[in-house]
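The lines below spell out each chain.
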Amino acid sequence: MAATTRKLAACLLNVSEANKNIVESIAESATIVSQDNGTCSSTVLNIFNDKDYNRSVITIAVPLHHLADSVYNACRSAFDHINLTNHRGRHPRLGAVDLVPIHPLSDDGSLEECGVVAKEIANRVAVGVPGTSFFLFGASDHQNRGLVQRRKDVGWYGGKFGINYDTLKHDIGENPTSRYGLTGIGGSPYVMNFNVTIDSKDLKIGRDIASQIRATAPCGLPGVQSMAFEHEGRIEIACNVESIWNVLLNKYLYTEAATLKDLVERLSGERGVKLFGSAVVGFSPQEALQLTRIALETGQNQFWKTRTIKMM
């Protein structure tokens, strides 16, 4: 069956590790190749490492019916390799595998299907890796609560070295431990990650800008969720850009990275601060879909190896 006729989905797997060898091993675990005919059934499009955050994002793309196996294998490998007890990094986190978002890529896939598969993965990992625990969000949550709300509920924003895991609430698995932590998992519209660095060390300025560009702000941008962190001697404004369903056009739309960058540049300029740089973590929704089809149709299950791994 041609890749263009299959429902395609993606998982932007966030793991609390930046060691190149470990992360590549996790990525390779996600790839599926048929032993019978060598058919490529899943691919890793990209790996994004951040040493200062001690965090990586692995972009896994796969037909929906192979999604559970691919992501389960990657999660199991990550839990084998990463001991959260030893983790140090500037980025908030609660889990060795911190986030498992499942996104529909092709128009024939639905959020509901992705939500069901995400919940299936959580249950499988909880059995396969005793001691792991999960909180649900989006289409996997019975109240359809978004990631930001669920992260607030479980205390993710305070996640750092030395926190007490005994008090964390979870939906699936055993009580959270310092070894594996607590993992967020759920089905949601595609999210593009876009980070903008300003040439300043003033975290207050970064937080002020982040608060103004969010979708919830009066002049914020659609689908944008943002935080500000100290990063490599400057301030980085990290943005999740969620695709928004447009009823009139009958399709998902999203805020372009260039639009977001221009707004951050204007707001920082008003505060006497210049832009230092920016980076897209992975791809836009259209790019992800196009590259997934290319990778699967040409049998490139490790597509990321033909691309440069982006380092911040």
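What you see is a predicted model; the values in this text were computed from it and never measured.

> Hey, could you go over the overall build of the chain for me, with residue numbers and the actual values?
The secondary structure content of the chain amounts to seven helices and 14 strands. Relative to a compact globule of 312 residues, whose C-alpha radius of gyration would be 20 Å, the chain shows 19 Å and is just as compact. Counting only C-alpha atoms, the chain reaches 60 × 45 × 40 Å along its principal axes. Per-residue burial over the chain gives 54% buried out of 312 residues. Element-wise, carbon and sulfur atoms account for 49% of the exposed surface of the chain, whose accessible area totals about 13700 Å².

> An account of helix H5 (residues 203–213) is requested, with residue identities and associated values reported.
Side chains that are three or four residues apart share a direction in an α-helix, a result of its 3.6 residues per turn. Every buried residue of H5 is accounted for by Leu203, Ile205, Gly206, Ile209, Ala210 and Ile213. All buried residues of H5 fall inside an arc of 155° around its axis, so they share one side. Projecting away from the buried face of H5 at angles above 90 degrees are the exposed residues Lys204 and Arg207. Packing partners of the buried residues in H5 comprise strand S8 (191–198), strand S9 (224–231), strand S10 (234–242) and helix H6 (257–269). Regarding H5, its N-cap is aspartate 202, as a side-chain oxygen of that residue lies 2.9 Å from the backbone nitrogen of lysine 204 further along.

> Would you mind going over a nonpolar patch on the surface in detail, with residue names and values included?
A cluster of nonpolar side chains, namely Trp245, Val247 and Tyr252, defines an oily patch on the protein surface of about 330 Å² accessible area. With respect to the helices and strands, tryptophan 245 occurs in strand S11 (residues 244–246).

> Before we move on, could you go through the packing of aromatic side chains and cite the residues and values that matter?
Per the counting criterion, the structure on display carries four aromatic pairs. Ring geometry for phenylalanine 79 against tyrosine 180: centres 5.4 Å apart, planes inclined by 90°, an arrangement best described as edge-to-face. One end of the pair, phenylalanine 79, is in helix H2 (residues 64–81); the other, tyrosine 180, is in the loop between strand S6 (172–173) and strand S7 (183–187), and 101 residues separate them in sequence. Taking the centre distance of 5.0 Å and the plane angle of 75° together, the rings of tryptophan 245 and tyrosine 252 count as edge-to-face. On the accessibility criterion, tyrosine 252 (34% relative accessible area) is partly exposed. It is arginine 124 that lies over the ring of tyrosine 72; its NZ or CZ is 4.4 Å from the centre.

> Explain the environment of lysine 119 residue by residue, including any values.
Mapped onto the elements of the fold, lysine 119 is located in helix H3 (residues 111–128). The class of lysine 119 is partly exposed, set by a relative accessible area of 38%. Setting aside chain neighbours within four positions, we find lysine 119 in contact with Leu136, Ser140 and Ile172.

> Run through the side chain of serine 268, naming residues and quoting values.
Mapping serine 268 onto the fold places it in helix H6. Those residues within four positions of serine 268 in sequence are excluded, and the remaining contacts are Ile198, Ile209, Val273 and Leu275.

> Give a detailed account of the packing of H2 against H3, specifying residues and quantitative values.
Between H2 and H3, the shortest axis-to-axis distance is 9 Å and the interhelical angle comes to 35°. Note on packing geometry: the crossing formed by H2 with H3 is right-handed. Contacts between H2 and H3 pair Leu64, Leu67, Ala68, Asp69, Val71, Tyr72, Cys75, Arg76 and Phe79 from the former with Glu113, Cys114, Val117, Glu120, Ile121, Arg124, Val125 and Gly128 from the latter. Residue classes in the contact of H2 with H3 are distributed as 11 nonpolar, one polar and five charged.

Scoring rules and cut-offs
- Residues numbered from 1 in each chain as written.
- Predicted model: local features only at pLDDT ≥ 70, side-chain atom pairs only at ≥ 80, totals over all residues.
- Heavy atoms only, no water.
- Helix = DSSP H or I, 4+ residues; strand = E, 2+ residues; numbered from the N terminus.
- Rg over C-alpha atoms; globule rule 2.2 N^0.38 Å.
- Buried < 20%, exposed > 50% of the residue type's maximum accessible area, 1.4 Å probe, protein only.
- Areas by Shrake-Rupley, 256 points an atom, 1.4 Å probe, with all protein chains shown as cover.
- Arc of directions from axis to C-beta.
- Contact = heavy atoms within 4.5 Å.
- Polar contact = N/O pair within 3.5 Å; in protein donor to acceptor, adjacent residues only side chain to side chain.
- Patch = residues over 30% accessible without salt bridge, like charges linked within 9 Å, V, L, I, M, F, W, Y side chains within 5 Å.
- Salt bridge = Lys/Arg side-chain N within 4 Å of Asp/Glu carboxyl O.
- Phe/Tyr/Trp six-rings, centres within 6.5 Å; stacked < 30°, edge-to-face > 60°.
- Lys NZ or Arg CZ within 6 Å of the ring centre and 35° of its normal.
- Axes fitted to C-alpha atoms, helices over the stretch in contact; angles between N-to-C directions.
- Left-handed = near helix turned anticlockwise from the far one by under 90°.
- Nonpolar A, V, L, I, M, F, W, Y, C, P; charged D, E, K, R; others polar.

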